[in-house]
Amino acid sequence: MKLPQFDYQAPASLSEAVALLMAGNGDARPLSGGQSILPIMAFRLAEPSLLVDLRNIPDLRGIEISAAGVRIGAMVRWRDILDNAQLKVVLPLLPEAIEHVAHYQVRNRGTIGGSLAHADPASEMPAVALALDAVIEVVGAKGKRDIAAGDLFTGSLSTSLSHDEIIVAVRFPAWPAARAYAFEEFARRRGDFALAGVAACYDVDAQGRAKNVRVSALSIADTPIRLKAAEAAMEGRVMDADAIKAASAAASAEVDPAGDIHASARYRKALVGTLLGRALTRAAARTAR
Ligand SMILES: Cc1cc2nc3c(=O)[nH]c(=O)nc-3n(C[C@H](O)[C@H](O)[C@H](O)COP(=O)(O)OP(=O)(O)OC[C@H]3O[C@@H](n4cnc5c(N)ncnc54)[C@H](O)[C@@H]3O)c2cc1C
C-alpha cells in the first residue's frame, strides 16, 4: 500500500527536532529506521502530518563503554550492536537477544531507540531493557529526564513518552564478572516475531548461588513483564536441575497470556516455562566453565 501524504524534516540538532515535534502538537512523529512506523503508516494505523527524521543528529549516535556501564545512542542500529565485539563481552545478553530480531535488511536499518519507543510487546529489546534495569535518556520541551525501563512501557505500542520527547540513549549498568545469562525465544520461522521469549540473568556468589535474579518475558502480555515468581524461585539457590525445574514451573504458573491466531493461551503459558528452562540450563553451563 502507498504511504499517506506527510511532510518531512531532517533537523541537525535535538533542539530543532524537539521544536518540530512541539509544533506538531501530537501530529508529528520522530523517524529513526522507519522499520515500524512506515509499515504502520502504509496500513493507515498512523497518519502523522510530519515525520521528523533523526538521522542528522549526532547526539543520538555512538556506543560508549566505561566502568560505569554501557551507553548506546538511540540511532544505533541492530547491525551496529551485532558488529560490536566489545558488547559481546561487556553486555553479552544484549547481542544474544538482538540476534533474534528480524532479518538482515531490517537489522541494517532498525534502531534501539525506535524499538523502545515503538514498545511492541513481542520485541526483544524492551524485555532485555527490563531484565537489565536499563535507563532511557529522554529530551523534550521540558528538558531532559531519565526513565527506568520498567516505567517506560505502559501498554501495547504505548509508552510514558510525551509527544515532544525523543529517546536520546539507553544506559545499562556495569555487567558483574560472575553473571550468568541467556536469552531464548520461539518463533515459527527464525526472524519472525516470537510467540514467546525470555531474558534471564543472575549473579553467582562464592557458594555458587544465584543473586540479583532478573527474568523478563516478551510476547506474553501487553508490555514486557518481569517474572517475579520465577525470580523468587531462583534467588539464593544453586541453579541445578531441581532449581531450574522449579523456576520453569513458577514462570508458567504466574503468566496469564492471551491466545491469538499464532498460539493459544495454554500453549504460550507452557512455552514460557520451557523457554526459561532452556535459558537457565544454558546460563548455568556458562558459569560452570
Ligand atoms: C519484516 C519486519 C520484521 C521485524 N521483526 C522484528 C523482530 O523480530 N523483533 C523486533 O524487535 N522488531 C522487529 N521488527 C521491527 C524493527 O526491529 C524496528 O526496527 C523497530 O521496532 C523500530 O525501530 P526503527 O528505528 O525502525 O523505528 P521507526 O520505525 O523509525 O519508529 C518506530 C516508532 O518509534 C518512534 N521513534 C523512533 N525513534 C524514536 C526516538 N529516538 N525517540 C522517540 N520516539 C522514536 C517513531 O515515531 C515511531 O512511533 C521488524 C520489522 C519488520 C519490517
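A count of helical and extended segments in the protein chain gives 12 helices and 14 strands. Over its C-alpha trace the protein chain gives a radius of gyration of 19 Å, about what one expects of a compact globule, namely 19 Å for 289 residues. Principal-axis analysis of the C-alpha atoms gives the protein chain an extent of 60 × 45 × 35 Å. Within the protein chain, contacts between residues at least 6 apart in sequence are counted, and of these 63% link residues at least 24 apart.

Let us look at helix α1 (residues 14-24). Burial in α1 covers these residues: A17, V18 and L21. Down the axis, α1 shows its buried residues gathered within 100° of arc, on one side only. Backbone geometry just after α1 places N25 at a positive phi near 50°.

Here the focus is helix α11 (residues 241-254). Between its first and last C-alpha atoms α11 spans 20 Å; for 14 residues at 1.5 Å apiece the expected length is 20 Å, and the two agree. All buried positions along α11 are accounted for by I244, A247, S248, A250, A251, S252 and E254. Of the surrounding elements, those touching the buried residues of α11 are α10 (228-234) and α12 (265-288).

Moving on, we get to the site of the ligand. Inspection of the region around the ligand gives 29 residues, with G33, G110, G114, A117 and S123 positioned closest. Taken together, the elements giving at least two residues each to the shell around the ligand come down to β2 (28-31), α2 (37-42), α7 (112-118), α8 (124-131) and β10 (166-173). When residues of the shell around the ligand are assigned to their parent elements, the largest contribution, five residues, is made by α7. Residues of the shell around the ligand, tallied by class, amount to 15 nonpolar, 12 polar and two charged.

Attention shifts here to the pairing of strand β4 (residues 63-66). Sheet topology places β4 next to strand β5 (residues 69-73); four bridges connect them, and they run antiparallel. Looking at the pairing, S66 lines up with G69 of β5.

In terms of nonpolar packing, the biggest core is built from 90 residues, with L93, L116, V128, A200, A217, V272 and L276 touching the most fellow members. A per-element tally of this core places α12 first, with eight residues. Each of domain 1 (60-173) and domain 2 (179-288) gives at least three residues to this core. Setting aside residues no more than four positions away along its own chain, L276 makes contact with V198, A200, V215, A230, A247, S248 and A251.

Working definition: the strands of a sheet are paired by backbone hydrogen bonds and lie parallel or antiparallel to each other. Reading across the sheet, the four strands line up as β11-β12-β13-β14 and stay open at both edges, with antiparallel pairing between neighbours. Only two strands of the sheet have a single partner each, and these edge strands are β11 (179-186) and β14 (225-226). Along the sheet, α8 contacts β12 (196-204), β13 (210-218) and β14; its crossing angle with β13, the most-contacted strand, is approximately 160°. Sheet strands touched by α12: β11, β12 and β13. Its angle to β11, the strand with the most contacts, is close to 145°.

The next thing to look at is the environment of L31. The topology assignment puts L31 in strand β2. Note on L31: 20 C-beta atoms within 10 Å, which makes it buried. When the C-alpha atoms of L31 and V52 are compared, they prove to be 5.6 Å apart, with 21 residues separating the residues in sequence. Among residues more than four places away in sequence, those in contact with L31 are I37, L51, V52, D53 and L54.

The next point concerns the sheet that holds strand β1 (residues 7-9). One open sheet accounts for three strands, arranged β1-β3-β2; its pairing is parallel. The sheet is open, and its two borders are formed by β1 and β2, each paired with just one other strand. Each adjacent strand pair in this sheet contributes to an overall mean axis angle of 25°, direction not counted. Here β1 runs beside strand β3 (residues 50-53); their pairing, made up of three bridges, is parallel. Its bridge partner being in β3, D7 is matched across the sheet by L50. Docked against the sheet, α1 engages β1, β2 and β3, running at close to 165° with respect to β3.

The subject of this paragraph is the environment of A200. Residue placement: A200 occurs in strand β12. When near neighbours in sequence (up to four residues on either side) are disregarded, A200 contacts Y181, A182, V215, L276, A279, L280 and A283.

Attention now goes to the domain arrangement of the protein chain. Segmentation of the protein chain into domains returns domain 1 (60-173) and domain 2 (179-288). Its C-alpha centre places domain 1 at a distance of 21 Å from the equivalent point of domain 2. Between domain 1 and domain 2, the contact holds 19 residues from the first and 20 residues from the second. For the side of domain 1 that touches domain 2, the secondary-structure elements that each account for two or more residues are α5 (93-98), α8 and β8 (153-155). Per element, the largest residue contribution to the side of domain 1 that touches domain 2 is six residues, and it comes from α8. Each residue belonging to the side of domain 1 that touches domain 2 can be placed in one class, and the counts come to 12 nonpolar, five polar and two charged.

Basis of the calculations
Residues numbered from 1 in each chain as written. Predicted model: local features only at pLDDT ≥ 70, side-chain atom pairs only at ≥ 80, totals over all residues. Helix = DSSP H or I, 4+ residues; strand = E, 2+ residues; numbered from the N terminus. Rg over C-alpha atoms; globule rule 2.2 N^0.38 Å. Contact = placed C-beta atoms within 7 Å. Buried ≥ 20, exposed ≤ 12 C-beta atoms within 10 Å, placed from the backbone. Arc of directions from axis to C-beta. Expected span 1.5 Å × (residues − 1). Near = placed C-beta within 6 Å. Nonpolar A, V, L, I, M, F, W, Y, C, P; charged D, E, K, R; others polar. Pairing = 2+ DSSP bridges. Core = buried A, V, L, I, M, F, W, Y, C linked by C-beta atoms within 7 Å. Domains from an automatic or database assignment. Axes fitted to C-alpha atoms, helices over the stretch in contact; angles between N-to-C directions.

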